[in-house]
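What follows is each chain in one-letter form.
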Amino acid sequence: MSQKTARIAATTRLYRKLHRWIAIPLFLFLTLIGATGLLLGWKKQVGLLPKTEKGSKIEAHSWVSLDSISKVAMAYATHTLKKSPLIDRIDVRPQKGVAKIVFADHFTELQIDCATGHILAVNARNSDLIEKIHDGSILDFEFNPDGEQFKLSYTSIAGLAMILLAISGFWLWYNPIRMKKIKNTKV
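What counts, and where the lines are drawn
Residues numbered from 1 in each chain as written. Predicted model: local features only at pLDDT ≥ 70, side-chain atom pairs only at ≥ 80, totals over all residues. Heavy atoms only, no water. Buried < 20%, exposed > 50% of the residue type's maximum accessible area, 1.4 Å probe, protein only. Helix = DSSP H or I, 4+ residues; strand = E, 2+ residues; numbered from the N terminus. Pairing = 2+ DSSP bridges. Phe/Tyr/Trp six-rings, centres within 6.5 Å; stacked < 30°, edge-to-face > 60°. Arc of directions from axis to C-beta. Contact = heavy atoms within 4.5 Å.

### Considering the pairing of strand S2 (residues 98–103)
On a regular strand, one side chain projects to one face of the sheet and the next to the other, so that they alternate. Of all six residues in S2, six are buried, a share of seventy percent or more. Both faces of S2 are covered, namely the face carrying Val98, Lys100 and Val102 and the face carrying Ala99, Ile101 and Phe103. When strand S1 (residues 87–93) meets S2, the two strands line up antiparallel, connected through six bridges. Residue pairing in the sheet places arginine 93 in a bridge with valine 98 of S2. A loop of four residues connects S1 with S2, the two strands running antiparallel in sequence, and glycine 97 in this loop sits at a positive phi of about 65 degrees. Alignment of S2 against strand S3 (residues 108–113), held across five bridges, turns out to be antiparallel. If you follow lysine 100 over to S3, its bridge partner there is glutamine 111. As consecutive antiparallel partners, S2 and S3 are separated by four residues.

Structure representation (structure tokens):
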């Protein structure tokens, strides 16, 4: 074995160890990220995202105020759902005359007719739950609602691990090809 192929073989062994040290401990996390990423990519097709209803009027001049819509949503969350009324966001769909209310402390979505203020649909936001699992923010949601320490740690470790696995995986694939070329050119 020439010095050059010996050097390539030594670095290949190093990459194999690095690949193993990263892949084995993070196997479950990387599998979870891949599975939830796949679900998020297909969320509409597999029914994780609720279908948007259509309101009674799409002319914005005849709509009730966002304040009225938020009061309807908060009252429904408090009295019917018996959950926190804290609203995370209101997503208005002008083409459908609907406002989607997403709550901050639970995965419920209300769809309210912008013209009448009546609730058209109550749905679970499964895609939001899967997104929080995907990016690690589910731990912040459960244990530390005011911070993002878990999410930042989780995404940093997982992201760096995937980069290192990609680099080491490339060299594990390419180095044997390089060694074969070197051996074939010397013959």
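Still more ground to cover, so stick around.
### Observations regarding the packing of aromatic side chains
Applying the stated rule across the entire model yields eight aromatic pairs. Ring geometry for phenylalanine 170 and tyrosine 174: centres 5.5 Å apart, planes at 15 degrees, overall stacked. Of this pair, phenylalanine 170 and tyrosine 174 both sit in helix H5 (residues 149–186), separated by four residues, roughly a single helical turn. What makes tyrosine 174 partly exposed here is its relative accessible area of 26%.

### Observations regarding helix H3 (residues 126–135)
Considered for burial, the residues of H3 that qualify are Ser127, Asp128, Ile130 and Asp135. Seen from one end, H3 has its buried residues packed into an arc of 160 degrees, which puts them on one side. Tucked into the core, H3 has its buried residues touching helix H1 (3–41), S1, S2, helix H4 (137–143) and H5. Directly beyond the C-terminal end of H3, a positive phi value near 85 degrees is found at glycine 136.

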